[in-house]
Amino acid sequence: MRDWARAFVRANPTDTLALLKDISAGVAGWISYQSREDEGTQSPIQTLDRGWGSCRDFAVLFVEAVRSLGFGARIVSGYLYQPDHNIMGSVDPGATHAWAEVFVPGAGWITCDPTNRSVAAPT
């Protein structure tokens, strides 16, 4: 996992926000979204090997990748309100969804949704 994540580091030192965006986009670039009704998550290695996963598998892969680089990270689940249905992981206007948050010292928790290749402002 660490080797896969380190491939996104472009320089030392690196721009943290750019790195998080690159890893988020990298997860979505490597993995095809596929909703699943099965309980639980795939391991990050299973997700990489299979090349597909649900939003929660994307989140687990992303969190393990950034943790392997020394970041604190957590998985968040909730509802994705998307009345237009144009966001991955949204089959209903209020579909359940999983994403990640990464703690960056001095900035706080940064929301990252690798399913949709998005990184939000610190909260």
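Residues numbered from 1 in each chain as written. Predicted model: local features only at pLDDT ≥ 70, side-chain atom pairs only at ≥ 80, totals over all residues. Heavy atoms only, no water.

Asks: Can you break down the overall build of the protein residue by residue, with the values?
Replies: What the protein contains, in helices and strands, is four helices and six strands. Counting from the amino terminus, the protein carries its helices and strands in the arrangement α-α-β-α-β-α-β-β-β-β. Residue burial in the protein is summarised as follows: out of 123 residues, 42% are buried. Summarising the internal contacts of the protein: among those between residues at least 6 apart in sequence, 42% fall at separations of at least 24. Accessible area for the protein stands at about 6700 Å²; split by element, carbon and sulfur atoms hold 50% of it. (Helix = DSSP H or I, 4+ residues; strand = E, 2+ residues; numbered from the N terminus. Buried < 20%, exposed > 50% of the residue type's maximum accessible area, 1.4 Å probe, protein only. Contact = heavy atoms within 4.5 Å. Areas by Shrake-Rupley, 256 points an atom, 1.4 Å probe, with all protein chains shown as cover.)

Asks: Run through helix α4 (residues 55-68), naming residues and quoting values.
Replies: Count 3.6 residues to each turn of an α-helix, and residues three or four apart come out pointing the same way. Taking 1.5 Å per residue as the helical rise, α4 with its 14 residues ought to reach 20 Å, and the 20 Å between its terminal C-alpha atoms agrees with that figure. When you tally the buried positions in α4, you get 10 out of 14 residues, the bulk of the element. For α4, every residue scored as buried is listed here: Cys55, Asp57, Phe58, Ala59, Val60, Leu61, Phe62, Val63, Ala65 and Val66. Remark: glycine 70 follows α4 within two positions and exhibits a positive phi of approximately 100 degrees. (Expected span 1.5 Å × (residues − 1).)

Asks: Explain the environment of valine 27 to me, and be specific about the residues and the numbers.
Replies: Topologically, valine 27 is positioned in helix α2 (residues 16-30). For valine 27, a relative accessible area of 0% gives the class buried. When the C-alpha atoms of valine 27 and aspartate 113 are compared, they prove to be 9.9 Å apart, with 86 residues separating the residues in sequence. With residues near it in sequence (within four places) discarded, valine 27 still touches Trp4, Phe58, Leu61, Phe62 and Pro114.

Asks: I'd like a rundown of the pattern of salt bridges, residues and numbers included.
Replies: According to the stated counting rule, one finds four salt bridges in the structure shown. The partner of glutamate 64 in a salt bridge is arginine 67, and the shortest N-O contact between them spans 3.2 Å. Of this pair, glutamate 64 and arginine 67 both sit in helix α4, separated by three residues, roughly a single helical turn. Given a relative accessible area of 40%, arginine 67 falls into the partly exposed group. (Salt bridge = Lys/Arg side-chain N within 4 Å of Asp/Glu carboxyl O.)

Asks: Describe the packing of aromatic side chains, and please don't skip the residues or the numbers.
Replies: The full count for this structure, using the stated rule, is four aromatic pairs. Geometrically, the ring pair formed by phenylalanine 103 and tryptophan 109 is edge-to-face, given 5.4 Å between the ring centres and 65 degrees between the ring planes. Judged by relative accessible area, which is 36%, phenylalanine 103 ranks as partly exposed. Given the relative accessible area of 24%, tryptophan 109 is considered partly exposed. Joined through ring pairs, the aromatic side chains of Trp4, Phe8 and Trp30 make up one cluster. Of note, arginine 74 hangs over the ring of tryptophan 109, and the distance from its end group to the ring centre comes to 3.6 Å. (Phe/Tyr/Trp six-rings, centres within 6.5 Å; stacked < 30°, edge-to-face > 60°. Lys NZ or Arg CZ within 6 Å of the ring centre and 35° of its normal.)

Asks: For the confidence of the model for the protein, give the residues involved together with the corresponding values.
Replies: Per-chain confidence: the protein averages 88 in pLDDT, with 86% of residues scoring 70 or above. Per-element confidence in the protein ranges from a low mean pLDDT of 74 for strand β6 (residues 118-122) to a high of 97 for α4. (pLDDT = per-residue confidence, 0-100.)

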